[in-house]
Structure formats: C-alpha cells, structure tokens
Amino acid sequence: MTRLLLGAVLLGNLGVCVAVQGPVMLTPATHVRFDSVDYKNMVRWTPPTNGSSLQYYVQWKIYGEPQWLDVDGCQGIQKHHCDLSVVTSDPREWYYARVHTVSLPSRKSAWALSPRFSPRWDTKISSPVLRVNVTEQGIVVRVKPPRPAVRKMHSSLQYKIYLIHTSGEEKVFEMDCCSDKLTLNELKHKTKCCLQAQTIIPLQAKSSARSSVKCFTTL
C-alpha cells in the first residue's frame, strides 16, 4: 500500500511539472532590419541557429498607428527577406516591420521587431548610370538614375561629372537630372581621359558613391 501511495504522489507531481512547462517557444529571428537601396525597401533577418524548415510571417505598420498588417506574399515563407516597397512607399512616413517564426505543427516564436525606418532618410542611393559617346563635336555624356523611383522622389536631383586626366587632375561638372546631356568640347585631339558620375540630393546633403570609371580617347 505504501508503494502504491508513493507511486501516485510521483505521478501527480510529474503531471504538475508537465502542465507547468507547456510548449517550448522557438527562438525568434534576429537582426530584423530594413535594407533600402533606391527606394526598394527590403526587410531582412537572421534565422535562428539550426533554423532549417522554419516558416516566417512578416507584418508592418506606420509609426504611431496601433494596428499591425500582414505583408502579402510574405506569410509562411522560408526565405529570409521580404520586399515592403509597395506598403512603405510614402517617403513622409516612418515604418516598422516585425517577423514571426513558426515550426509546424504548432511551435512558434515571439515577434522580432525592426528599428524605425524612413524611406526618405534611410534609403541608400546607387551610383548613376553613365553613358559616354565620343563624337567629332566633343564628348557627349548622358546620366540617369539606376531606378526611376529616385528621380520621382527628388525633383532637385543633381549629378556631378568628374573628368579625370591621365595626370590625375580632375575637373568637376554639375548636371541637373532633367538635362538631356552634357557635351565636353574643349578637350584636345587624341587625348585620353576618364569619366565618373555621382548622384547628389542637395536638400538632404546625401550622395552616392561614384560610378565605375569609363575611359575614352578623343578623335
């Protein structure tokens, strides 16, 4: 009888332990952050260790708003990034994103939150696309942003054109984004030079890196 009572007590205690422990929570994703280039606003995150076969659910909201909204196309995904460009397209707003990790059938993590994000202030600007045409009249330079969204967001967009001589001397020209072309017609014949371009956003004191070098020899 004593052994039966002891067994009942042990089983009772075990039952209490199981009830208290409950389901094990998953480790959440880490380093949730916006990675924005030319207003293509991606959210990226680092998966948990040994995070294979996990699914991720992404939500977003405007700063100051209480409601979180699902991101279409980023529910139950296995990739570690999500494009939020459409829902975060207003440059006047600030945004948050968060990521929820799930392992079927029922394990899930807490939400992992991104820092606050502003498309206008936080996006990085790429180097412009530079095209050079050597003619009898001079060197015709055309520049355009890599994505139309950059020009759409900034009416005051400008470019700097760097003319680089073989001696290392540089001459800088400024060009408005709406200008069709810049013609350099003061170079001597059979002169070898190189060009680079840089995007400038004056109102934000923001600039891109320089473009790749394009070299040419005048006619």
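Further up the page is the structure itself.
Residues numbered from 1 in each chain as written. Predicted model: local features only at pLDDT ≥ 70, side-chain atom pairs only at ≥ 80, totals over all residues. Heavy atoms only, no water.

Visitor: Please explain the environment of arginine 142 as it appears in this structure.
Guide: Examined against the element boundaries, arginine 142 turns out to sit in strand 10 (residues 139-144). Owing to a relative accessible area of 36%, arginine 142 belongs among the partly exposed residues under this scheme. Spatially, the C-alpha atom of arginine 142 lies 4.8 Å from that of lysine 181, the residues being 39 residues apart in sequence. Apart from residues no more than four positions distant in its own chain, arginine 142 is found in contact with Val129, Leu130, Arg131, Asp180 and Lys181. (Helix = DSSP H or I, 4+ residues; strand = E, 2+ residues; numbered from the N terminus. Buried < 20%, exposed > 50% of the residue type's maximum accessible area, 1.4 Å probe, protein only. Contact = heavy atoms within 4.5 Å.)

Visitor: I tried to follow the sheet that holds strand 10 on my own but got confused; where do I start?
Guide: Sheets are built from strands that pair by backbone hydrogen bonding, the pairs being arranged parallel or antiparallel. Taken in spatial order, the three strands line up as 9-10-13 in an open sheet, and their pairing is antiparallel. In this open sheet, the two strands that pair with only one neighbour each are strand 9 (129-134) and strand 13 (182-184). Taken pair by pair, the neighbouring strands of this sheet meet at an average axis angle of 25°, ignoring direction. In this sheet, strand 13 lies alongside strand 10 in antiparallel orientation, the contact comprising three bridges. By the bridge assignment for strand 13, isoleucine 139 is matched with leucine 184. (Pairing = 2+ DSSP bridges. Axes fitted to C-alpha atoms, helices over the stretch in contact; angles between N-to-C directions.)

Visitor: Would you mind going over the pattern of salt bridges with me for this structure?
Guide: Pairs can form between side chains of opposite charge whenever their charged atoms are close. Tallied over the full model, the rule gives five salt bridges. Between lysine 40 and aspartate 83 there is a salt bridge, with its nearest N and O atoms 3.1 Å apart. Of this pair, lysine 40 sits in strand 2 (residues 40-46) while aspartate 83 is found in strand 5 (residues 81-83), placing the two residues 43 residues apart along the sequence. You can call lysine 40 partly exposed: its relative accessible area is 38%. Aspartate 90 is paired through a salt bridge with arginine 92; the nearest N and O atoms lie 3.1 Å apart. Several salt bridges share partner residues, and in doing so they unite Asp35, Arg44 and Lys124 into one network. (Salt bridge = Lys/Arg side-chain N within 4 Å of Asp/Glu carboxyl O.)

Visitor: I'm lost on the state of the cysteines in this one. Help?
Guide: What is meant by a disulfide is a covalent connection between two cysteines, made through their sulfur atoms. Overall, the coordinates contain two disulfides when judged by the stated rule. Across the disulfide, cysteine 74 is cross-linked to cysteine 82 (sulfur-sulfur distance 2.2 Å). The S-S bond linking cysteine 74 to cysteine 82 shows a torsion near 105°; that makes this disulfide right-handed. As far as the burial class goes, cysteine 74 and cysteine 82 line up, both buried. (Disulfide = S-S within 2.5 Å.)

Visitor: Honestly, the layout of surface pockets in this entry has me stumped. Any pointers?
Guide: Empty space among the atoms becomes visible once a probe the size of a water molecule is rolled across them. Its boundaries defined by the atoms lining it, the largest pocket holds a volume of some 170 Å³. What lines the largest pocket is simply Val129, Arg131, Arg142, Val143, Lys144, Pro145, Arg151, Tyr159, Cys177, Cys178, Ser179 and Asp180. Elements represented by at least two residues in the lining of the largest pocket include exactly strand 9 and strand 10. Its residues assigned to classes, the lining of the largest pocket shows six nonpolar, one polar and five charged. (1 Å grid on protein atoms, 1.4 Å probe; cavity = no way out; pocket = protein on both sides within 12 Å on 5 of 7 lines; lining within 4 Å. Points joined across faces, edges and corners; volume = space filled by probe spheres on them. Nonpolar A, V, L, I, M, F, W, Y, C, P; charged D, E, K, R; others polar.)

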